[in-house]
Protein chains: 2
Amino acid sequence: MTLTLPAVPDVHDAALAQRLQQRIDRKTKPLGALGRLESLALQVGLIQQTETPHWEAPQLVVFAGDHGLAARGVSAYPSDVTWQMVENFLAGGAAVSVLARQHALALTVVDAGVRHDFAPRQGLLARKIAPGTADAFEAPAMTEAQCLAAIHMGREVVEGLPGNAVLLGEMGIGNTSSSSMLLARLTGTDLALCLGRGTGLDDAGLVRKLTVLSAVMQRHAAAREPLQVLATMGGFEIAAMVGAVLQAASQRRTIVVDGFITGAAVLVAARLVPAVLGYCVWSHRSAESGHGVMIRHLGVQPLLDLDLRLGEGSGAALTWPLLVSAVNVLNEMASFESAGVSDREPR
Amino acid sequence: MTLTLPAVPDVHDAALAQRLQQRIDRKTKPLGALGRLESLALQVGLIQQTETPHWEAPQLVVFAGDHGLAARGVSAYPSDVTWQMVENFLAGGAAVSVLARQHALALTVVDAGVRHDFAPRQGLLARKIAPGTADAFEAPAMTEAQCLAAIHMGREVVEGLPGNAVLLGEMGIGNTSSSSMLLARLTGTDLALCLGRGTGLDDAGLVRKLTVLSAVMQRHAAAREPLQVLATMGGFEIAAMVGAVLQAASQRRTIVVDGFITGAAVLVAARLVPAVLGYCVWSHRSAESGHGVMIRHLGVQPLLDLDLRLGEGSGAALTWPLLVSAVNVLNEMASFESAGVSDREPR
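All values reported here derive from a predicted model rather than from experimental measurement.

*Asks:* What exactly am I supposed to notice about the overall build of chain A here?
*Replies:* Helices and strands together make up the secondary structure of chain A, namely 13 helices and six strands. Against the compact-globule benchmark of 20 Å for 347 residues, chain A has a radius of gyration of 20 Å, which places it among compact chains. Over its C-alpha atoms, taken along the principal directions, chain A stretches across nearly 70 × 40 × 40 Å. For chain A, the residues scored as buried account for 64% of the 347 residues in total. As displayed, chain A offers around 11,700 Å² of accessible surface, 52% of which is attributable to carbon and sulfur atoms. One finds the centroid of the 27 positive side-chain charges in chain A at a distance of 3 Å from the centroid of its 31 negative side-chain charges.

*Asks:* Help me understand the pairing of strand E4 (residues 165–171) of chain A in this model?
*Replies:* Consecutive side chains of a regular strand alternate in pointing toward one face of the sheet and then the other. All names here are of chain A. For E4, the buried fraction is high: seven of the seven residues fall into the buried class. Burial of the side chains of E4 extends over both faces: Ala165, Leu167, Gly169 and Met171 are buried on one face and Val166, Leu168 and Glu170 on the other. With six bridges joining them, strand E1 (residues 59–65) and E4 adopt parallel strand pairing. Of the residues in E4, the one forming a bridge with Val61 is Leu168. Summarising the sheet, E4 and strand E5 (residues 254–257) pair through three bridges and their orientation is parallel. Bridge pairing in E5 places Ala165 opposite Thr254.

*Asks:* Sorry if this is basic, but what is going on with unusual backbone geometry here?
*Replies:* Note: most peptide bonds trans; most residues except glycine with negative phi. Notably, Glu312(A) is not glycine yet its phi reads approximately 70 degrees, a positive angle. Among the secondary structure elements, Glu312(A) is positioned in the loop between helix H11 (291–298) and helix H12 (314–332). Of note, the phi angle at Ala57(B) is positive, near 45 degrees, even though the residue is not glycine. Counting through the fold element by element, Ala57(B) comes out in the loop between helix H2 (35–48) and strand E1 (59–65). A residue is classified by how much of its surface remains accessible, and Ala57(B), at 35% relative accessible area, is partly exposed.

*Asks:* Which parts of the structure should I look at to understand the relation of the copies chain A and chain B?
*Replies:* With an RMSD of 0.0 Å, the fit of chain A onto chain B corresponds to turning through 180 degrees and sliding 0.0 Å along the axis. Taken together, the rotation and translation describe the operation of a two-fold axis. Looking at the rotation axis and the C-alpha trace of chain A, the residue lying nearest is Leu304(A), at 3.2 Å.

*Asks:* Help me understand the pattern of salt bridges in this model?
*Replies:* For side chains bearing opposite charge, pairing can occur when the charged atoms are close. Evaluated as defined, the whole model comprises 20 salt bridges over all chains. Close ionic contact of Glu38(A) with Lys29(A) constitutes a salt bridge, the shortest N to O distance being 3.0 Å. Overall, the relative accessible area of 3% leaves Lys29(A) in the buried class. Notably, a salt bridge pairs Lys128(B) with Asp111(B), separated by 2.7 Å at the nearest N-O pair. Of this pair, Lys128(B) sits in the loop between strand E3 (124–126) and helix H5 (144–159) while Asp111(B) sits in strand E2 (residues 106–113), and the two are 17 residues apart along the sequence. A single network of salt bridges, built from pairs that share partners, joins Arg26(A), Glu337(A) and Asp343(A).

*Asks:* I would appreciate a short explanation of the packing of helix H6 (residues 175–187) of chain A against helix H7 (residues 203–219) of chain A in the present structure.
*Replies:* When two helices pack together, their arrangement is given by the angle between the helix axes and the distance between those axes. Residues and elements named next belong to chain A. The interhelical angle for the contact between H6 and H7, taken along N-to-C directions, is 55 degrees, at an axis separation of 11 Å. The orientation of H6 relative to H7 falls into the category oblique. As for the relative orientation of H6 and H7, their crossing is right-handed in sense. Residues Thr176, Ser177, Ser180, Met181, Ala184 and Arg185 of H6 form the contact with H7, whose own contacting residues are Lys209, Leu213, Val216 and Met217. The residue inventory of the contact of H6 with H7, partitioned by class, reads five nonpolar, three polar and two charged.

*Asks:* What should I look at first to understand the sheet that holds E4(A) in this one?
*Replies:* Each strand in a sheet pairs with its neighbour through backbone hydrogen bonds, running either in the same direction (parallel) or in the opposite one (antiparallel). Residues and elements named next belong to chain A. Reading across the sheet, the six strands line up as E3-E2-E1-E4-E5-E6 and stay open at both edges, with parallel pairing between neighbours. The open sheet is flanked by strand E3 (124–126) and strand E6 (280–282), the only strands paired with a single partner. Each adjacent strand pair in this sheet contributes to an overall mean axis angle of 25 degrees, direction not counted. Pairing of strand E2 (residues 106–113) with E3 involves three bridges; the strand directions are parallel.

*Asks:* Explain the interface of chain A and chain B to me, please; I cannot follow it from the model alone.
*Replies:* Often the size quoted for an interface is simply the accessible area lost on bringing the parts together. Residue-level contacts link 56 residues of chain A with 56 residues of chain B. For chain A, the biggest contributors to the area lost against chain B are Tyr77(A), Leu306(A) and Arg344(A); these three give 14% of the whole. For the pair chain A and chain B, the number of links is two salt bridges. Of the charged contacts in the structure, one is a salt bridge between Glu332(A) and Arg101(B), with a shortest N-O distance of 2.8 Å. The interface formed by chain A and chain B includes 20 residue pairs in polar contact (both at pLDDT 80 or more). At the level of secondary structure, the elements contributing two or more residues to the side of chain A that touches chain B comprise helix H2 (35–48), helix H3 (80–91), helix H4 (95–102), H12 and helix H13 (336–339) of chain A. Tallying contributions element by element places H12(A) first for the side of chain A that touches chain B, with nine residues.

*Asks:* Whenever I open this one, H2(A) confuses me. Can you help?
*Replies:* For the α-helix, the turn length of 3.6 residues means that residues three or four positions removed from each other point alike. In this model H2(A) runs 21 Å from its N-terminal to its C-terminal C-alpha over 14 residues, within 8% of the 20 Å that 1.5 Å per residue would give. Most of H2(A) is tucked away: 12 of the 14 residues are buried. On its buried face, H2(A) sits against helix H1 (14–25), E5, E6 and H12 of chain A together with helix H12 (314–332) of chain B.

*Asks:* I keep staring at helix H3 (residues 80–91) of chain B and nothing clicks. Help me out?
*Replies:* Between its first and last C-alpha, H3(B) extends 17 Å over 12 residues, near the 16 Å set by a 1.5 Å rise per residue. Taken together, the buried positions of H3(B) are occupied by Val81(B), Thr82(B), Gln84(B), Met85(B), Val86(B), Asn88(B) and Phe89(B). Summarising the contacts, the buried residues of H3(B) are in contact with H13 of chain A together with E1, helix H4 (95–102), E2, E3 and strand E4 (165–171) of chain B. Backbone geometry just after H3(B) places Gly92(B) at a positive phi near 90 degrees.

*Asks:* Looking at this model, I keep getting lost on the sheet that holds E4(B). Mind explaining?
*Replies:* Residues and elements named next belong to chain B. A sheet is described by the order of its strands in space; here six strands give the open sequence E3-E2-E1-E4-E5-E6, paired in parallel fashion. Each edge of the open sheet carries a strand with a single partner, namely E3 and strand E6 (280–282). Ignoring which end each strand starts from, the neighbouring axes of this sheet average 25 degrees apart. Taken strand by strand, helix H9 (residues 236–250) contacts E1, E2, E4 and strand E5 (254–257), and its axis lies near 175 degrees from that of E4.

*Asks:* Would you mind going over the nonpolar core with me for this structure?
*Replies:* Across soluble globular proteins, nonpolar side chains show a tendency to be buried alongside one another. In this structure, Phe63(A), Leu230(A), Val242(A), Ile255(A), Val276(A), Trp320(A) and Trp320(B) are the most contacted members of the largest nonpolar core, which totals 193 residues. Residues within four places of Phe63(A) in sequence aside, it is in contact with Val110(A), Gly154(A), Val157(A), Leu168(A), Gly169(A), Glu170(A), Met171(A), Glu237(A), Ala240(A), Met241(A) and Ala244(A). By size, the runner-up hydrophobic cluster in this structure holds 73 residues, among which are Val157(B), Val229(B), Met233(B) and Val242(B).

*Asks:* Even after reading the chapter, I still don't get the environment of Thr4(A), so can you show me in this structure?
*Replies:* Among the structural elements, Thr4(A) can be located in the segment before H1. Taking C-alpha positions, Thr4(A) is 15 Å from Ala270(A), a pair spaced 266 residues apart along the chain.

*Asks:* Where do I start with the environment of Met294(B) in this structure?
*Replies:* Residues and elements named next belong to chain B. For Met294, the position within the fold is in helix H11 (residues 291–298). Residues Met294 and Ser180 lie 114 residues apart in sequence; the distance between their C-alpha atoms is 9.5 Å. Those residues in contact with Met294 that sit more than four places away from it in its chain are Leu183, Phe260, Gly263 and Ala264.

*Asks:* What's the story with the side chain of His67(B) in this structure? I'm lost.
*Replies:* All names here are of chain B. Locating His67 in the fold gives a position in the loop between E1 and H3. For His67, the side chain forms a polar contact with the side chain of Glu237, separated by 2.7 Å. Residue contacts for His67: discarding those within four places in its chain leaves Ser79, Thr133, Gly172, Ile173, Gly174, Asn175, Ser178, Gly234, Gly235 and Glu237.

Calculation rules
Residues numbered from 1 in each chain as written. Chains lettered and ligands numbered in written order. Predicted model: local features only at pLDDT ≥ 70, side-chain atom pairs only at ≥ 80, totals over all residues. Heavy atoms only, no water. Helix = DSSP H or I, 4+ residues; strand = E, 2+ residues; numbered from the N terminus. Rg over C-alpha atoms; globule rule 2.2 N^0.38 Å. Buried < 20%, exposed > 50% of the residue type's maximum accessible area, 1.4 Å probe, protein only. Areas by Shrake-Rupley, 256 points an atom, 1.4 Å probe, with all protein chains shown as cover. Lys, Arg positive; Asp, Glu negative; His and termini not counted. Charge placed at Lys NZ, Arg CZ, Asp CG, Glu CD. Pairing = 2+ DSSP bridges. Least-squares fit on C-alpha atoms with pLDDT ≥ 70 in both. Salt bridge = Lys/Arg side-chain N within 4 Å of Asp/Glu carboxyl O. Axes fitted to C-alpha atoms, helices over the stretch in contact; angles between N-to-C directions. Parallel < 35°, antiparallel > 145°, perpendicular 65-115°, else oblique. Left-handed = near helix turned anticlockwise from the far one by under 90°. Contact = heavy atoms within 4.5 Å. Nonpolar A, V, L, I, M, F, W, Y, C, P; charged D, E, K, R; others polar. Buried area = accessible area lost by both parts, 1.4 Å probe. Polar contact = N/O pair within 3.5 Å; in protein donor to acceptor, adjacent residues only side chain to side chain. Expected span 1.5 Å × (residues − 1). Core = buried A, V, L, I, M, F, W, Y, C linked by side-chain atoms within 4.5 Å.

Rendered as structure tokens:
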């Protein structure tokens, strides 16, 4: 399986990083007193290659798809909830709709492979690869061609949107299962440690999920290479997000990662092009069990920790004001010199 | 020392809490999936005594004052930085100015006792009790009359402002010292555990701070009762915030606590009227060392943890969008019924 990968420039630039740090350090505050907001400002400056970054038309993109595996009882909710929630996103009643409105984020929902026929709508991109993936218990979830098509589609979606920031969201009953398997296989971690209750499985459901997913991983034991792992055990919305991450990074857009499932897409993308990680801001530490394994493996530290486990891009949206603050602090705060404030004694 | 305390109603209301929880649970999301945003929505509903809370004219109030003790080298910055930063707040160049602008928070700076004569200005309330407290190493920082006047002033300031939310901020070189001593004395904790580097003391400075503050606490060893502790080792801006907290709670306003110093004011206020705690939202876990002791003692859990240690109300302002989100989610999200989304199987 071959995929043409976009060129993604390394964000690191020692000279610019030093200039940004000096700019931050001259602001009217004790050194480092704005903590992680300062490192965020530095990262965004590096991504945008400037000492005066700005935000332009931030895009919240929610990729939706169904999973054949959902029929095996790996989720507390039926598959129909995927399309019902897509309708809810578009009607403005979902958490992500409310939060996108609050923060003036353009919201686009992408039908990457929902098992439902949607009427055309403002804000909905019909990019269905197929009506749901195959049951990964019996066959690869996607054919190689479908997987590549989904990645390509995700790239095109981002390419077609304006702005310099992409906030990722997803919807797909069964997609914590896919994400857990991707995480387990790609990092070599015991599946049980990568597994959580998703939308709220009880203990019996969790045991069933582990049993089913163990069998699926066994069935696809030969899949080791990232794209094979993605095709056999992933989902259309996850593959599309892999493409979205690659495209966004190649265009130097800031990528705001939501929770566990969007994180799994970043994990795959980073296996293909490690430099994408420099463009990612990890919004929150999810309450889904496997997320801790994921962020430790990637060595990243999410900004928020609010026990969220909703997905949809809700965590990314909640984090957006912090990204705005980081840029505002860099651009609008006075320096000791400009404000006539006495600095501490030289150290 | 006697103080007339306002009546503060207990926020707890089992019937309303149950109605709010049911309302949250019918929203289109798995049970509890919005984590701490849900408990925040519940708290705000209880504070405002309604299932449909709303925000009205949120006020960010920064209380500023100088500390006689600052002359003893307990801070990395000179006392003059207090008035210089007040000018910076008013000119719009400080972190809190930038963040208040971002979130459309009305910003009021209160001169509670800065050692400087300010020209009258839009946004500045001249409420100086005295030009700086006395040196607590040699005398009580405030007389009893001054302490009561500062508390009264803080109450009047809040009473004179519109809206149903007060975000607290402060400025005062030396005020982490006061806060550490209040914390140590009121909670019976070893001073060394309540002490931090403030605006950035080096190791030698930290040792000096501990030495000085130990002597101050020794000098005021007889002060045990909250108001005595506040008067002998506190500051004008801290006493004013005690009043602000009491007043805000008595009017059922939500109080957004910033970091270590505003937290010390809440600690004192809660000793006087424990019910104020129900009105407090703890914005962030400060990087200042003693803050952990404070929040464990009070049994509260801040929303953010971003290594901030700036004060000014910057953490409160950064947290504000989460309070808006909590209310928006409660008011704007669809229910399973209204959106036609299938709920999980009955448990």
